[in-house]
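Observations on the three-dimensional arrangement
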Amino acid sequence: MDLDQVRRRLEANEERLSPFATRSSASRGRERPEAPSPLRTAFQRDRDRILHTKAFRRLKHKTQVFIAPAQDHYVTRLTHTLEVAQVARTIARALNLNEDLAEAAALGHDIGHGPFGHAGEEALAECLPDGFRHNYQSVRVLDTLENGGQGLNLTYEVLEAVKKSSKAREDIFAEGWGIPETLEGQVVKTADAIAYVNHDILDAVRAGIITEDDLPDSSRRDLGQNHSERLNTLISDIVEASWDATGAGPNPAIRFSPRVHAAANELREFMFQRVYLYDQTREEAERGKRIVIFLFRHFAAHPESISRDYSLPGDPIERRAADYVSGMTDRFALRIARELGCTDAIGWKADGR
Ligand code: MG
């Protein structure tokens with residue numbers, strides 16, 4: 001039998017998607033041409049390639065907001081990534097868009113995050129002359145560093161959606177890092193914000209930094225009284241306000257209704273002020289930052305100790321140090337820094353790691 005008929009059937013199924021959906025058979029393709037998979041579409045194959053990387057596995061020990069938490073219920077980069085993938089798939093499916101493209105981009109979107117969350121990102125941005133952004137690093141991990149320095153040779157659409165998944169602080173839809181070309185990329189960008197604002201509320205309540213009562217009035221009035229109501233409102237609203245994306249109207253774009261958009265932005269700003277920039281988390285973040293800078297300087301001065309698995313031997317020393325350090329999990333960074341005598345790491349209070 002001809003196994004390729006499986007992929008051809010899957011591609012034929014995509015003809016039933018919205019006229020504005022991205023079809024895998026119409027992908028702009030991979031940098032290096034490859035024979036197609038007999039059993040999977042191009043986007044399904046990309047999703048699987050991302051899932052099987054070492055960088056993806058390391059997400060389980062990378063911080064979302066609370067650094068190397070001793071308690072098991074905090075969100076990690078891995079659980080965040082899975083939540084984003086789930087929210088993105090729900091929205092993509094509801095709008096008859098390509099769920100596989102959304103899932104692949106969601107699974108890869110944070111894969112370039114360094115240790116200690118945004119603190120690690122800030123630290124590396126200070127160390128490198130050209131700065132450091134986790135979304136660009138995600139593309140670098142997927143396209144260059146993984147697979148023994150060959151990259152995963154993903155499709156253009158997946159890489160483009162990952163690159164533009166970051167959001168500016170002022171608005172979930174601000175153009176800061178560019179608007180993804182595909183609707184599926186736009187879905188992932190929005191799903192990321194929906195996921196993190198909501199799970200970070202739970203974590204902040206868990207940490208005793210806020211209570212549900214502290215949330216802005218607009219959040220309780222327009223989004224809901226608890227986690228599941230808020231998530232449900234945000235996702236349902238996106239589907240309704242973006243209905244043109246199904247082919248029903250002339251203006252396909254992923255958007256909230258004005259009322260929910262305002263409430264979501266207010267909630268996000270509240271999280272910036274009360275949680276992301278809060279003194280206690282900030283103090284921990286500053287410490288994480290110092291550890292990352294310590295590690296960067298150490299490996300930039302001792303490039304012979306940089307693992308060849310996580311950097312390219314021909315790259316400039318600083319680039320190699322940044323690639324290596326940004327690939328570290330929180331606990332690995334703490335352990336190495338402690339072994340190297342970094343006082344911030346030696347005094348770290350989290351559960352003896
Ligand atoms: Mg994210």
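In short, a report on the structure. Every value quoted in this text rests on a predicted model; they were computed, and no experiment measured them. Counting restarts for each chain, with residues numbered from 1 along the sequence as it is written. Local features in this predicted model are restricted to residues of pLDDT 70 or higher, and side-chain atom pairs are both shown and tallied only at a pLDDT of 80 or more, whereas totals for entire chains, interfaces and linings draw on every residue. Computation of side-chain values: all heavy atoms of the structure, hydrogens and water removed.

1. A word on unusual backbone geometry
- For N96, which is not a glycine, the phi torsion comes out positive at approximately 60 degrees.
- With relative accessibility at 30%, the residue N96 sits in the partly exposed group.
- Unusually for a residue other than glycine, F116 sits at a positive phi of about 65 degrees.
- A helix here means a DSSP run of H or I that spans at least four residues, while a strand means a run of E at least two residues long, and both kinds are numbered starting from the N terminus. Mapped onto the elements of the fold, F116 is located in the loop between helix 5 (99–108) and helix 6 (117–127).
- Each residue is assigned to one of three classes by its accessible area relative to the maximum for its type, calculated with a 1.4 Å probe on protein chains only: buried under 20%, partly exposed between the two thresholds, exposed over 50%. What makes F116 buried here is its relative accessible area of 2%.

2. Considering the packing of helix 9 (residues 183–206) against helix 12 (residues 258–276)
- Working convention: axes come from line fits to C-alpha atoms, limited for helices to the stretch in contact. Angles between N-to-C directions cover 0 to 180 degrees. Taken N-terminus to C-terminus, the directions of helix 9 and helix 12 make an angle of 35 degrees; their axes are 11 Å apart at the nearest point. Remark: the crossing between helix 9 and helix 12 carries left-handed chirality. Packed against helix 9, whose contacting residues are Y196, V197, D200, I201 and A204, the element helix 12 presents L267, R268, M271, V275 and Y276 at the interface.
- Each residue is assigned to one of three groups, with Ala, Val, Leu, Ile, Met, Phe, Trp, Tyr, Cys and Pro labelled nonpolar, Asp, Glu, Lys and Arg labelled charged, and all others, Gly among them, labelled polar. Its residues assigned to classes, the contact of helix 9 with helix 12 shows eight nonpolar, no polar and two charged. Here is the rule for handedness: rotate from the far helix to the near one, and if that takes an anticlockwise turn smaller than a right angle the crossing is left-handed, while a clockwise turn gives right-handed. Note on contacts: a residue pair is in contact if any heavy atoms of the two residues lie within 4.5 Å.

3. Focus on the layout of surface pockets
- Of the grid points, spaced at 1 Å and generated over the protein atoms alone, those admitting a 1.4 Å probe that cannot get out make up cavities, while open sets with protein on both sides within 12 Å along at least five of seven lines make up pockets; any residue with an atom within 4 Å of a point is treated as lining. Grid points are joined across faces, edges and corners, and a volume is the space filled by probe spheres set on the points. Approximately 750 Å³ is the volume found for the largest pocket.
- As for the largest pocket, its lining consists of 36 residues, of which H113, H118, E121, F272 and Y276 are closest to the centre.
- Among the elements of the structure, helix 4 (77–94), helix 6, helix 9, helix 12 and helix 13 (279–301) are those that each provide at least two residues to the lining of the largest pocket.
- Among the elements that take part in the lining of the largest pocket, helix 6 stands out by supplying six residues, more than any other.
- For the lining of the largest pocket, the residue count by class is 13 nonpolar, 11 polar and 12 charged.

4. With respect to the environment of V162
- By the secondary structure assignment, V162 is in helix 8 (residues 156–163).
- For V162, the contacting residues outside a window of four places in its chain are A105, G108, H109, N135, S138, V139 and L142.

5. Examining helix 1 (residues 4–13)
- Of all the positions in helix 1, only V6, R7, L10 and E11 are classed as buried. Down the axis of helix 1, the buried side of the element spans an arc of 135 degrees, and every buried residue falls inside it. Within this analysis, the arc is defined by the directions that extend from the helix axis to the C-beta atoms.

6. Focus: the nonpolar core
- Buried Ala, Val, Leu, Ile, Met, Phe, Trp, Tyr and Cys residues that are joined via side-chain atoms within 4.5 Å together make up what is termed a nonpolar core. The biggest cluster of nonpolar side chains holds 67 residues, and the ones touching the most others in it are I50, I91 and V275.
- Here this core gets 11 residues from one element, more than from any other, and that element is helix 9.
- Of all hydrophobic cores here, the second largest spans 28 residues; its members include F299, I306, M328 and A337.

7. Comments concerning the side chain of S18
- Among the structural elements, S18 can be located in the loop between helix 1 and helix 2 (42–51).
- By relative accessible area, S18 is classed as buried at 1%.
- Two N or O atoms count as a polar contact when they lie within 3.5 Å, although within protein this holds only if one can serve as hydrogen donor and the other as acceptor, and sequence-adjacent residues are included solely when both atoms are side-chain atoms. In terms of polar contacts, S18 uses its side chain to reach the backbone amide nitrogen of F20, at 2.9 Å.
- For S18, the contacting residues outside a window of four places in its chain are R23, L95, N96, L97, A245, T246 and G247.

8. Things to note about the coordination of the magnesium ion
- Taken together, H80 (NE2), H109 (NE2), D110 (OD) and D192 (OD) make up the protein donors of the magnesium ion, found 2.2 to 2.4 Å from the metal.
- Metal coordination here is assigned from N, O and S atoms located within 2.8 Å of the ion, or within 3.2 Å for Na, K and Ca; omission of water means that sites may look incomplete. Mapping the donors of the magnesium ion onto the primary sequence yields the spacing H-x28-H-D-x81-D. With H80 in helix 4 and D192 in helix 9, this residue pair connects regions lying 112 residues apart in the sequence. Comparing H80 with D192 shows no difference in burial state: the two are buried.

Any functional reading would require information beyond the geometric quantities listed.
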